[in-house]
Amino acid sequence: MILYYHPLSSYCWKVLIALYENGTAFQARRLDQPGVAEEWLVRWPIGKFPVLHDPARDETVAEASIIIEYLDYHAPGPFRAIPDERDAALEVRLMDRLFDNYLMTPVQTLVGERIRPDGAAGDPHGASQARQLLGKAYALLEQRMAGRTWAAGDSFSLADCAAAPALFYADRIEPMRGGFPRLAAYLDRLEARQSFARVLREKEPVWHMFPFADG
């Protein structure tokens, strides 16, 4: 399998965590390397990443959550992203959506505001709304994490693959460790997990490019 990715992309981290959890063999093709972006755009002209290409099935798969489910079906291993039991599966998918939509979406808004080109009109109202949404999401997730080791219960899942990059980035923009002890402890567990620790090590050479790197 071939993964087209960027080492600072939260959604690429999400897929990398799943690949490392499962021990899936794959070729990592960074979009900032010569010729890779052109190859990626042929496979996925919409121009979003990550994208997975499976030569064995001649399949190209996009969207991080879908890629992880695809791996569950077509590259099964020790990591199960989605549990078989229906209610448990719904909880995993719900938590996945909460982390993506209510943490990563406002984070992306605030990053976009920080890197806006000189002379381009800013959106202070949009940035304020994004910070408010992060605060609401922190409070909701703090409540839902009560009694849980991982995002959806006792087992590491798709929801945790979403949570790790979302919480990591959100905490650098709108720090939450002082006010949300369950989320802080959960982020500590995520950062200590081998799969995510590897992702964090691999981003170091380009981390200076993140506009909140010193946050």
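Scroll up to find the structure this text is about.
Please read these numbers as outputs of a predicted model, since none were measured by experiment.

### Examining the packing of aromatic side chains
And then number 1: In total, this model carries 17 aromatic pairs according to the counting rule given.
And then number 2: Taking the centre distance of 5.9 Å and the plane angle of 40° together, the rings of Tyr169 and Trp207 count as tilted. Taken together, the positions of Tyr169 in helix H6 (residues 158-173) and Trp207 in the segment after helix H8 (194-202) put the pair 38 residues apart, joining distant regions of the chain.
And then number 3: Owing to a relative accessible area of 11%, Trp207 belongs among the buried residues under this scheme.
And then number 4: Among the aromatic side chains, those forming a connected cluster through ring pairs are Trp13, Phe168, Tyr169, Phe196, Trp207, Phe210 and Phe212.
And then number 5: Directly above the ring of Trp150 sits Arg193, whose terminal nitrogen or CZ lies 5.1 Å from the centroid.
And then number 6: Above the ring of Trp207, the side-chain terminus of Lys203 is found at 4.3 Å from the ring centroid.

### With respect to the sheet that holds strand E1 (residues 2-5)
And then number 1: Taking strand neighbours across the sheet as the criterion, the four strands line up as E2-E1-E3-E4 in an open arrangement whose pairing is mixed. The open sheet has two free edges, formed respectively by strand E2 (27-30) and strand E4 (59-62), since each of these has just one partner strand. Along the sheet, successive strands turn relative to each other by an average axial angle of 20°, direction set aside.
And then number 2: By the bridge criterion, four bridges tie E1 to E2 in an arrangement that is parallel. Note that in E2 the partner of Leu3 across the bridge is Ala28.
And then number 3: Sitting on the sheet, helix H3 (residues 64-74) touches strand E3 (51-54) and E4, and the angle it makes with E4 is about 135°.

### Describing the environment of Trp40
And then number 1: Tracing the backbone through its elements, the reader meets Trp40 in helix H2 (residues 36-43).
And then number 2: As a C-alpha pair, Trp40 and Ser155 span 115 residues in sequence and 33 Å in three-dimensional space.
And then number 3: In this view, Trp40 contacts Tyr4, Leu31, Gly47, Lys48, Phe49 and Val51; residues no more than four positions away in its chain are not counted.
And then number 4: Engagement of the side chain of Trp40 in a polar contact is seen with the backbone oxygen of Lys48, the distance being 3.1 Å.

### Remarks on the packing of helix H1 (residues 10-22) against H6
And then number 1: At a closest axis distance of 8 Å, the pairing of H1 and H6 adopts a crossing angle of 140°. If you check the angle between H1 and H6, you find them oblique. Considering how the two elements wind past one another, H1 and H6 form a crossing that is right-handed. Here H1 contributes Ser10, Trp13, Lys14, Ile17 and Ala18 to the contact with H6, which in turn contributes Leu158, Cys161, Ala162, Ala164, Pro165, Phe168 and Tyr169.
And then number 2: Considering only residue class, the contact of H1 with H6 consists of 10 nonpolar, one polar and one charged.

The rules behind each value
- Residues numbered from 1 in each chain as written.
- Predicted model: local features only at pLDDT ≥ 70, side-chain atom pairs only at ≥ 80, totals over all residues.
- Heavy atoms only, no water.
- Phe/Tyr/Trp six-rings, centres within 6.5 Å; stacked < 30°, edge-to-face > 60°.
- Helix = DSSP H or I, 4+ residues; strand = E, 2+ residues; numbered from the N terminus.
- Buried < 20%, exposed > 50% of the residue type's maximum accessible area, 1.4 Å probe, protein only.
- Lys NZ or Arg CZ within 6 Å of the ring centre and 35° of its normal.
- Pairing = 2+ DSSP bridges.
- Axes fitted to C-alpha atoms, helices over the stretch in contact; angles between N-to-C directions.
- Contact = heavy atoms within 4.5 Å.
- Polar contact = N/O pair within 3.5 Å; in protein donor to acceptor, adjacent residues only side chain to side chain.
- Parallel < 35°, antiparallel > 145°, perpendicular 65-115°, else oblique.
- Left-handed = near helix turned anticlockwise from the far one by under 90°.
- Nonpolar A, V, L, I, M, F, W, Y, C, P; charged D, E, K, R; others polar.

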